[in-house]
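Notes for the structure review
Residue-level listing of the chains:
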Amino acid sequence: MEIRVHYFGMIAENTGTNSEYITTPQPSDTKNLKMVLLEKYPILEKLEFNIAVDQKLINQNTSISNNTEIALLPPFAGG
């Protein structure tokens, strides 16, 4: 399955791209995607980031499909 992943802030800087398609096994979820991303970009292991699925921040493993929008977001603070 190919999933489009968007990167922001320091994550985009460290991956060298703002977005790309990542291939994951089917069926897939955010845990599988994170393993694929850490294998491709080991530097992510040292970075703190949040995962958004369809523009919603998630705190648990979430299933994903070809139409799912994924974003890796650096930590941010509101004010």
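Provided above is the structure to which this section pertains.
Everything numeric here is computed off the predicted structure, so don't read it as measured data.

**Here we look at the packing of aromatic side chains**
If you walk through the whole model with that rule in mind, you get 1 aromatic pair. Each ring, one from tyrosine 7 and one from tyrosine 41, has its centre 6.2 Å from the other, and the planes form 80 degrees; the classification is edge-to-face. Of the two residues, tyrosine 7 is situated in strand β1 (residues 2–7) and tyrosine 41 in the loop between α2 (30–40) and β4 (50–53); the sequence distance between them amounts to 34 residues. For tyrosine 41, a relative accessible area of 12% gives the class buried.

**Focus on the pattern of salt bridges**
Inspection of every chain in the model, using the stated rule, returns 1 salt bridge. In this structure, glutamate 20 engages lysine 40 in a salt bridge whose closest nitrogen and oxygen atoms are separated by 2.8 Å. Residue glutamate 20 is found in strand β2 (residues 19–23), and its partner lysine 40 is found in helix α2; the two are separated by 20 residues along the sequence. A residue is classified by how much of its surface remains accessible, and glutamate 20, at 14% relative accessible area, is buried.

**A few points about the layout of surface pockets**
Taken as a whole, the largest pocket holds about 190 Å³ of empty space. As for the largest pocket, its lining consists of Thr30, Lys31, Lys34, Phe49, Asn50, Ile51, Ile58, Asn59 and Gln60. Counting residues per element, the lining of the largest pocket draws most heavily on α2, at 3 residues. Taken together, the residues of the lining of the largest pocket break down into 3 nonpolar, 4 polar and 2 charged.

Calculation notes
- In every chain, residue numbers begin from 1 and rise along the written sequence.
- Confidence filtering applies because this is a predicted model: local features only for residues at pLDDT of at least 70, side-chain atom pairs given and counted only at 80 or more, and all residues used for totals across whole chains, interfaces and linings.
- The basis for the side-chain values is all heavy atoms of the structure; hydrogens and waters are excluded.
- Between rings of Phe, Tyr and Trp, where Trp is taken as its six-membered ring, a pair exists when centres lie within 6.5 Å; planes separated by under 30 degrees are stacked, by over 60 edge-to-face, and by other angles tilted.
- For helices the rule is a DSSP run of H or I covering at least 4 residues; for strands it is a run of E covering at least 2, with both sets numbered from the N terminus onward.
- We call a residue buried when its accessible area falls under 20% of the maximum for its residue type, exposed when it is over 50%, and partly exposed in between, using a 1.4 Å probe and counting protein chains only.
- Here, a salt bridge means any side-chain nitrogen of Lys or Arg that lies within 4 Å of a carboxyl oxygen of Asp or Glu.
- Cavity: a set of points on a 1 Å grid over the protein atoms alone where a 1.4 Å probe fits but cannot get out. Pocket: an open set with protein on both sides within 12 Å along at least five of seven lines, its lining residues, like those of a cavity, having an atom within 4 Å of a point.
- Grid points are joined across faces, edges and corners, and a volume is the space filled by probe spheres set on the points.
- Ten residue types, Ala, Val, Leu, Ile, Met, Phe, Trp, Tyr, Cys and Pro, are classed as nonpolar, four, Asp, Glu, Lys and Arg, as charged, and the remainder, Gly among them, as polar.

On their own, these measurements won't tell you what the molecule is for.
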